[in-house]
Amino acid sequence: MKRVLAIGECMAELAPAGQPRDFTLGFAGDTFNTAWYLAQIAPDLDISYFTAIGDDSISQDMQSFFDASGINSTPVQVIPDKTVGLYLIHLNNGERSFSYWRDSSAARQLAVDGAALQTAMAEADFIYYSGITLAILDQPSRENLFQALRQARRHGKEVAFDTNLRPRLWTDTQQMTSTIMEAAACCDLVLPSYDDEAVWFGDRNVQDTIERYAGIGVRQIVVKNSDQSVVFQTPTQRGTVTVDPVTDVIDTTAAGDSFNAGVFAEILMGRDISIGIERGCQLARQVVQHKGALVCLPPQGEGASQ
Ligand code: ADP
């Protein structure tokens, strides 16, 4: 059984529940969402989540939610007197906007203990993290994370990275772009989204994005592009996978996160990356037709992706 370790921040989510100022509490966050979808579609994988939470009641709720979702919470670190980050979704005439309280969340300390990271990675075959994971860390923690990832790769682990560019979480865009490139250079698989890459790296087309990452030695690159074709490159193939566009999109939250889970599920079963991308597209296509980050999917199998 392949062992997956996702690293990042899961937050408490308050989503509108009908009446004004009525909210439902949930839990979500980019790398966690991917782990959650992976647990839905690939129950044979052993999936763990590496983060830091506090020692209060909502932190315990979150950890229980990980376990109830089939995600092993053993590597979760508990930081006394801290709590988890929170975001609230505002709905105004169908438009969603967000307020965040995450500046002092426990997850910002997830990589303070480099030895804990190395221990967790030693137990994994496949490691996944994102640009948001990096953005919330201070520089010494980023160094701990890079060091642990480089060591993990020397030991034959595979590392996947979604660039997830969020300039508001970084000190400045130069720091964001240089750190993202440093991170990508120590990964086996990078999954950027073209829209954001074009804005922040000045890529003129999807091929520019592929070449920029290939140029620093990334062997497998999968460029998502909203409802446009996904373009990918590996050492042996270059290709595109057509997206069947949804016209009446309800909510694109977690489109990229669920897509990544589809890719990982297939490649961890030893299938070709193009099959993984097709699975990712099917999954994300279902997710954008529902509200919220975590969409319960119909049983997977024949016909389930219709
Ligand atoms: P992110 O959420 O990371 O910004 P994208 O918006 O590029 O990523 O979308 C990720 C994937 O979700 C796409 O590659 C595609 O497979 C799927 N997707 C997004 N929007 C649509 C849509 N309107 N119709 C069908 N699939 C979509």
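Residues numbered from 1 in each chain as written. Predicted model: local features only at pLDDT ≥ 70, side-chain atom pairs only at ≥ 80, totals over all residues. Heavy atoms only, no water.

Caption draft 1: Main features of the overall build of the protein chain. Each helix and strand counted, the protein chain has 10 helices and 14 strands in total. Relative to a compact globule of 306 residues, whose C-alpha radius of gyration would be 19 Å, the protein chain shows 18 Å and is just as compact. Here the protein chain, with 306 residues, has 53% of them falling under the buried criterion. Per element, the accessible surface of the protein chain, about 13700 Å² overall, is 47% carbon and sulfur. In the protein chain, the 23 positive side-chain charges and the 38 negative ones have mean positions that sit 4 Å from each other. (Helix = DSSP H or I, 4+ residues; strand = E, 2+ residues; numbered from the N terminus. Rg over C-alpha atoms; globule rule 2.2 N^0.38 Å. Buried < 20%, exposed > 50% of the residue type's maximum accessible area, 1.4 Å probe, protein only. Areas by Shrake-Rupley, 256 points an atom, 1.4 Å probe, with all protein chains shown as cover. Lys, Arg positive; Asp, Glu negative; His and termini not counted. Charge placed at Lys NZ, Arg CZ, Asp CG, Glu CD.)

Caption draft 2: Focus on the sheet that holds strand 1 (residues 3-7). Strand order across the open sheet formed by 8 strands is 4-1-9-10-11-12-13-14, with mixed pairing between neighbours. Two strands bound the open sheet, and with one partner strand each, they are strand 4 (46-50) and strand 14 (238-241). Bridge analysis of strand 12 (residues 220-223) against strand 13 (residues 230-233) gives 3 bridges, and the strand direction is antiparallel. Bridge pairing in strand 13 links Val223 to Val231. Helix-sheet contacts for helix 5 (residues 139-154) involve strand 1, strand 9 (126-130) and strand 10 (158-162), and the interaxial angle to strand 9 is about 155 degrees. The sheet contacts of helix 8 (residues 206-215) involve strand 11 (189-190), strand 12, strand 13 and strand 14, and relative to strand 13 the element is tilted by about 30 degrees. (Pairing = 2+ DSSP bridges. Contact = heavy atoms within 4.5 Å. Axes fitted to C-alpha atoms, helices over the stretch in contact; angles between N-to-C directions.)

Caption draft 3: Quick look at the side chain of Ser69. Checked against the element boundaries, Ser69 lands in the loop between helix 2 (57-68) and strand 6 (77-78). The contact partners of Ser69, leaving out residues within four places of it in the chain, are Trp36 and Ala39.

Caption draft 4: The UniProt feature "domain: Carbohydrate kinase PfkB" (unreviewed entry) in the protein chain, seen in detail. Feature annotation in UniProt places "domain: Carbohydrate kinase PfkB" (unreviewed entry) on residues 1-298, given in this structure's numbering. The annotated region residues 1-298 carries 38% helix and 21% strand content, and the separation between its end C-alpha atoms amounts to 24 Å. (UniProt positions renumbered as here; feature names shortened; annotations may be inferred.)

Caption draft 5: Region of interest: the pairing of strand 13. Neither face of strand 13 is left uncovered, since the one carrying Val230 and Phe232 and the one carrying Val231 and Gln233 both have all their residues buried. If you look at the hairpin formed by strand 12 and strand 13, you'll find 6 residues sitting between the two strands, and Ser226 has a positive phi there, around 55 degrees. With 4 bridges connecting them, strand 13 and strand 14 associate as antiparallel partners. Bridged to Phe232 within strand 14 is Gly239. The turn joining strand 13 and strand 14, which pair antiparallel and follow one another in sequence, is formed by 4 residues.

Caption draft 6: Structural detail: the environment of Leu134. Tracing the sequence through the fold places Leu134 in helix 4 (residues 131-135). Overall, the relative accessible area of 0% leaves Leu134 in the buried class. Distance in space between the C-alpha atoms of Leu134 and Arg108 is 9.3 Å, their sequence separation being 26 residues. Beyond its immediate sequence surroundings of up to four residues, Leu134 is in contact with Tyr129, Arg142, Leu145, Phe146, Phe161, Trp170, Thr179 and Ala183.

Caption draft 7: Summary view of the nonpolar core. If you look at the biggest cluster of nonpolar residues, it comprises 54 residues, and the most contacted ones within it are Leu38, Ile71, Val222, Phe259, Phe264 and Ile277. Ranked by size, the runner-up nonpolar core spans 44 residues in total, among them Leu117, Ile127, Leu149 and Val206. (Core = buried A, V, L, I, M, F, W, Y, C linked by side-chain atoms within 4.5 Å.)

Caption draft 8: Spotlight on the site of the ligand. As a matter of local geometry, the ligand sits amid 16 residues, with Ser193, Ser226, Val246, Gly256 and Ala284 nearest to it. Ser193 places a side-chain nitrogen or oxygen 2.9 Å from an oxygen atom of the ligand. The biggest single contributor to the shell around the ligand is helix 9 (residues 255-268), with 3 residues. Residues that form the shell around the ligand fall into these classes: 9 nonpolar, 4 polar and 3 charged. (Near = heavy atom within 4 Å. Polar contact = N/O pair within 3.5 Å; in protein donor to acceptor, adjacent residues only side chain to side chain. Nonpolar A, V, L, I, M, F, W, Y, C, P; charged D, E, K, R; others polar.)

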